[in-house]
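What follows is each chain in one-letter form.
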Protein chains: 2
Amino acid sequence: MQKEFITVKELYREKEQYIGKTVKVAGWIRTSRVSKNFGFIELNDGSFFKNMQIVFDEKVENFKEVGKLAISSSILVEGELVSTEGAKQPVEIHAKSIVVEGESDSSYPLQKKRHTLEYLRTIAHLRPRSNTFSAVFRVRSIAAYAIHKFFQERNFVYAHSPIITGSDCEGAGEMFRITTMDLNDIPKTEDGKIDYTQDFFGKEANLTVSGQLNAEIMALSFRNVYTFGPTFRAENSYTGRHASEFWMIEPEIVFADLEDNMELAEDMIKYVISYVLENAPEEMEFFNSFIDKGLLERLNKIVNSEFIRITYTKAVELLIESGHEFEYPVEWGCDLQTEHERYITEQIYNCPVFVTDYPKDIKAFYMRMNEDGKTVRAMDLLVPGVGEIVGGSQREEREDVLLDRINEMGLREEDYWWYLELRKFGTATHSGFGLGFERIIMYMTGMSNIRDVIPFPRTPKNAEF
Amino acid sequence: MQKEFITVKELYREKEQYIGKTVKVAGWIRTSRVSKNFGFIELNDGSFFKNMQIVFDEKVENFKEVGKLAISSSILVEGELVSTEGAKQPVEIHAKSIVVEGESDSSYPLQKKRHTLEYLRTIAHLRPRSNTFSAVFRVRSIAAYAIHKFFQERNFVYAHSPIITGSDCEGAGEMFRITTMDLNDIPKTEDGKIDYTQDFFGKEANLTVSGQLNAEIMALSFRNVYTFGPTFRAENSYTGRHASEFWMIEPEIVFADLEDNMELAEDMIKYVISYVLENAPEEMEFFNSFIDKGLLERLNKIVNSEFIRITYTKAVELLIESGHEFEYPVEWGCDLQTEHERYITEQIYNCPVFVTDYPKDIKAFYMRMNEDGKTVRAMDLLVPGVGEIVGGSQREEREDVLLDRINEMGLREEDYWWYLELRKFGTATHSGFGLGFERIIMYMTGMSNIRDVIPFPRTPKNAEF
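Just so you know, these numbers come straight off a predicted model, no measurement behind them.

Trainee: Describe the relation of the copies chain B and chain A, and please don't skip the residues or the numbers.
Mentor: For these two chains of identical sequence, chain B goes onto chain A by a turn of 180° and a shift of 0.0 Å along the axis, with RMSD 0.0 Å. Such values leave the two copies arranged in the relation of a two-fold axis. Of the C-alpha atoms belonging to chain B, the one lying closest to the rotation axis is found on Ile 178 of chain B, 2.4 Å away. Most of the interface of chain B is mirrored in chain A, where 100% of its interface residues again form contacts.

What follows is the structure in structure tokens.
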């Protein structure tokens, strides 16, 4: 039956083809107003951000019934597509018949009046029917596709890194434990410890915090790979920037150094933004008008700018020289806080900035040690309005140096046996980075809370829907 | 630095452009043989299934060192691309210089001799460097992209369904529990029960077994959506067809009945197979030669056949009429076993077959009840060599009928409050299905164990790498 119904998107995009013809559409009533003899319905069919206006009068058999339909009722409409030059919408349908598919009622919670974003989170099963969320989740979908398209067109292999991990050695954050043990009767060993050999995987298992180490395996076989999947943090963080479950993109490239890595990150960010601007113009216009006034200008600027590249040492100098008073004072060796990152990218450069070569003590063990013995070949990409959006590094490809770092940081060598073997059997210069998918969606939509760019967000004390 | 190195894929695909020119490549030694004055290296750079033959002689400065390199050493080669008409490979590189990037050694476990697939699973960090696994995982990547491309080109919204779920009401299988509680000191309520209010999400939380119910939410906003993400089963199953973690694709379409659903599934399967045949010809040729002799013929046949559609009732009649002796006897009301499914699709039709309208008692509560009160609008797609590859249904869109089914099956109404509300506020005819991603990869590659189509498989007692 679906083919009978032309999508509203098609009627907008190919209107010349349909004007004057009888068409059928199916969708949900967003608003309606009815007078004695005729009525108007704003119909959304889910295929397109914009609504189709349905004009109907007493020629429609069930005129009275239709006139009384509550918001969000679903209807099947047959009528003529009419050009409406000069009106807000380029076309409308003059209905010949309207079939009621599914009635809604007056208790429908998404009425026309404005709701807070907080309230809308409690009706996550209905909020995608609002303008804001229909725009956010369509942009999310288009951006996800842009990422796949970007990498696949460049011959990257999409690698599914595991979600369940038997190692907790990634060190990127607090982890969720997975178990099938009966929590009322946890099996114990003779000396009273939890007997994980009796758990499902025969040992402790957690949800992954990063697919990077697995991506390195794949890259050292396929040259260029990327992951794109869910990752997890069991952190009791109630900020608008953190969720317990989020999607991450982690490319990894071989015979490639930090310069290649920065170039890839810059190309990818520009590609995704351009693709969304081109393929979701109505949604982006909406965000620019109602969510974040300067959005389109900012995004267009990014697409057309050359990203700056400076070292951490230079960044620290600039921050100190600026004389600006920060909440957290700056000195060489300190981790950069969001306030510092934003100052660099917004006040100093007003442009995206890569900061490279951080002190080894504030970065992970797998980052490549520089000649100076003090810094590592790390990079963070800072963008105006957000701060850090990408973090990555050239990886330590030298087995002996890597082993020193593992020991130096008090990690257990045996946890990394296969990671070390990658350096033993044909190691190669390689690099990679991570991009939090929700971060870039927030950046492109202007939405300021991560809960509002994930269809069904998971945060502390919240796993509804 | 990466741009310096042309990929082997490019040198094969665009050879006319490069023959006679000096090129640089970087990759890993798959095999080498050396005589006194010259040597041959089969170099794989990860970009392409096939190797590039490197011919070198004493003009190469470090001739002796290169000649002794162990398998899987990584090297950077500069030389002339030479046409080799009539040889196995269309081109080879006559090396001018070879730089050793990362030496391997003789303990490298993936030597030229054949290894069992079981053994290769124990070196999952190296097996993608073998022919079989480089082919499998590249096909996996290309197939994943084909799925996104198929749906995105049809204006479907990609919906990320949650991995962590607070409800265990999907009923599709055993679930993994997620917790951050201290298992040595589980908080208890006054009456001695586990106090889940103190757990991370404030209640019991599990890993999802299906994104379908969430996909229905999204579809009833966006008309056509799909999920593509990991799902989980905590089943102690040691077969070659089951993994604890696997990826699933679940499209959901609105204003669409079971006929639309079957058409979509058929189109999708054909699209993915065609796309892989077209974009991974070398890999598919390899599978056809070394893994499964009739593979290409079977896949081409599927792409060009019309899938059969029969009812469950008809299927049972045919099975009984066949006179074939099955391990599990067939009668109306029984669930079809793999032996029955394969008999239908292989012996009776020798072609993919949709079986529809199953008895309600062997199907899920959300499937649409037929007029007869006995069967539901379910569909399974059966394919030769595998059996069931897709399962789906038209969904029960009538609130009262759905509620009856929930009660009839002893489920708790309050667990489904939002699912029921979808039927209250503008319900609509809708349908969807699930495709296990690994199933179709196994089908397309001829690999018979699911552990061999997942880079880092998770199964009972196994969460390595």
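Trainee: Quick rundown of a positive patch on the surface? Include the residues and the values.
Mentor: A surface patch of positive charge is lined by Arg 33, Lys 50, Lys 88 and Lys 112 of chain A. Residue Lys 88 of chain A is classed as exposed on the basis of its relative accessible area of 81%.

Trainee: Account for the interface of chain B and chain A, with residues named and values stated.
Mentor: Tallying the contact residues gives 121 residues for chain B and 121 residues for chain A. With both sides pooled, the region where chain B packs onto chain A buries about 10,100 Å², and carbon together with sulfur makes up 59% of that total. Our enumeration of links across chain B and chain A arrives at 6 salt bridges. The closest approach of N and O atoms between Glu 464 of chain B and Lys 203 of chain A, which form a salt bridge, is 3.0 Å. Here chain B and chain A share 55 residue pairs in polar contact (both at pLDDT 80 or more) between them. The dominant element in the side of chain B that touches chain A, judged by the number of residues it contributes, is helix α5 (residues 131-153) of chain B, at 12 residues. Residues that form the side of chain B that touches chain A fall into these classes: 57 nonpolar, 39 polar and 25 charged. Relative to strand β8 (residues 177-179) of chain B, strand β8 (residues 177-179) of chain A runs antiparallel, the two sharing 3 bridges. Bridging from a neighbouring strand, Ile 178 of chain A pairs with Ile 178 of chain B of β8 of chain B.

Trainee: Requested: an account of helix α12 (residues 399-408) of chain B, with residues and values cited.
Mentor: Quick reminder: α-helices carry 3.6 residues per turn. Residues three or four places apart thus point the same way. All names here are of chain B. The complete set of buried residues in α12 reads Val 401, Leu 402, Arg 405 and Ile 406. Buried residues of α12 fall within an arc of 140° about the axis and therefore sit on the same side. Exposed residues pointing more than 90 degrees away from the buried face of α12 are listed as Asp 400 and Asp 404. Count one or two residues on from α12 and you reach Gly 410, which has phi positive near 70°.

Trainee: Please set out the pairing of strand β11 (residues 245-254) of chain A residue by residue, giving values where relevant.
Mentor: Consecutive side chains along a regular strand alternate between the two faces of the sheet. Residues and elements named next belong to chain A. Of all 10 residues in β11, 10 are buried; the element is thus mostly enclosed. Side chains Glu 245, Trp 247, Ile 249, Pro 251 and Ile 253 project from β11 onto one buried face, and the interleaved Phe 246, Met 248, Glu 250, Glu 252 and Val 254 project onto a second face that is buried too. With 9 bridges connecting them, strand β10 (residues 224-232) and β11 associate as antiparallel partners. Along β11, the bridge assignment pairs Tyr 226 with Pro 251. Alignment of β11 against strand β16 (residues 430-436), held across 5 bridges, turns out to be antiparallel.

Trainee: Summarise the packing of aromatic side chains; cite the residues concerned and give the values.
Mentor: What the rule picks out here adds up to 70 aromatic pairs over all chains. For the pair Phe 286 of chain B and Phe 290 of chain B, a centre-to-centre distance of 5.2 Å together with 40° between the ring planes defines the contact as tilted. Taken together, the residues Phe 286 of chain B and Phe 290 of chain B, both in helix α8 (residues 281-290) and 4 residues apart, mark about one turn of the helix. Judged by relative accessible area, Phe 286 of chain B falls into the buried class, the value being 11%. For the cation-ring pair, Arg 154 of chain A lies above Tyr 271 of chain A, with the distance from its terminal atom to the ring centre recorded as 5.7 Å.

What counts and what doesn't
- Residues numbered from 1 in each chain as written.
- Chains lettered and ligands numbered in written order.
- Predicted model: local features only at pLDDT ≥ 70, side-chain atom pairs only at ≥ 80, totals over all residues.
- Heavy atoms only, no water.
- Least-squares fit on C-alpha atoms with pLDDT ≥ 70 in both.
- Contact = heavy atoms within 4.5 Å.
- Patch = residues over 30% accessible without salt bridge, like charges linked within 9 Å, V, L, I, M, F, W, Y side chains within 5 Å.
- Areas by Shrake-Rupley, 256 points an atom, 1.4 Å probe, with all protein chains shown as cover.
- Salt bridge = Lys/Arg side-chain N within 4 Å of Asp/Glu carboxyl O.
- Lys, Arg positive; Asp, Glu negative; His and termini not counted.
- Charge placed at Lys NZ, Arg CZ, Asp CG, Glu CD.
- Buried < 20%, exposed > 50% of the residue type's maximum accessible area, 1.4 Å probe, protein only.
- Buried area = accessible area lost by both parts, 1.4 Å probe.
- Polar contact = N/O pair within 3.5 Å; in protein donor to acceptor, adjacent residues only side chain to side chain.
- Helix = DSSP H or I, 4+ residues; strand = E, 2+ residues; numbered from the N terminus.
- Nonpolar A, V, L, I, M, F, W, Y, C, P; charged D, E, K, R; others polar.
- Pairing = 2+ DSSP bridges.
- Arc of directions from axis to C-beta.
- Phe/Tyr/Trp six-rings, centres within 6.5 Å; stacked < 30°, edge-to-face > 60°.
- Lys NZ or Arg CZ within 6 Å of the ring centre and 35° of its normal.

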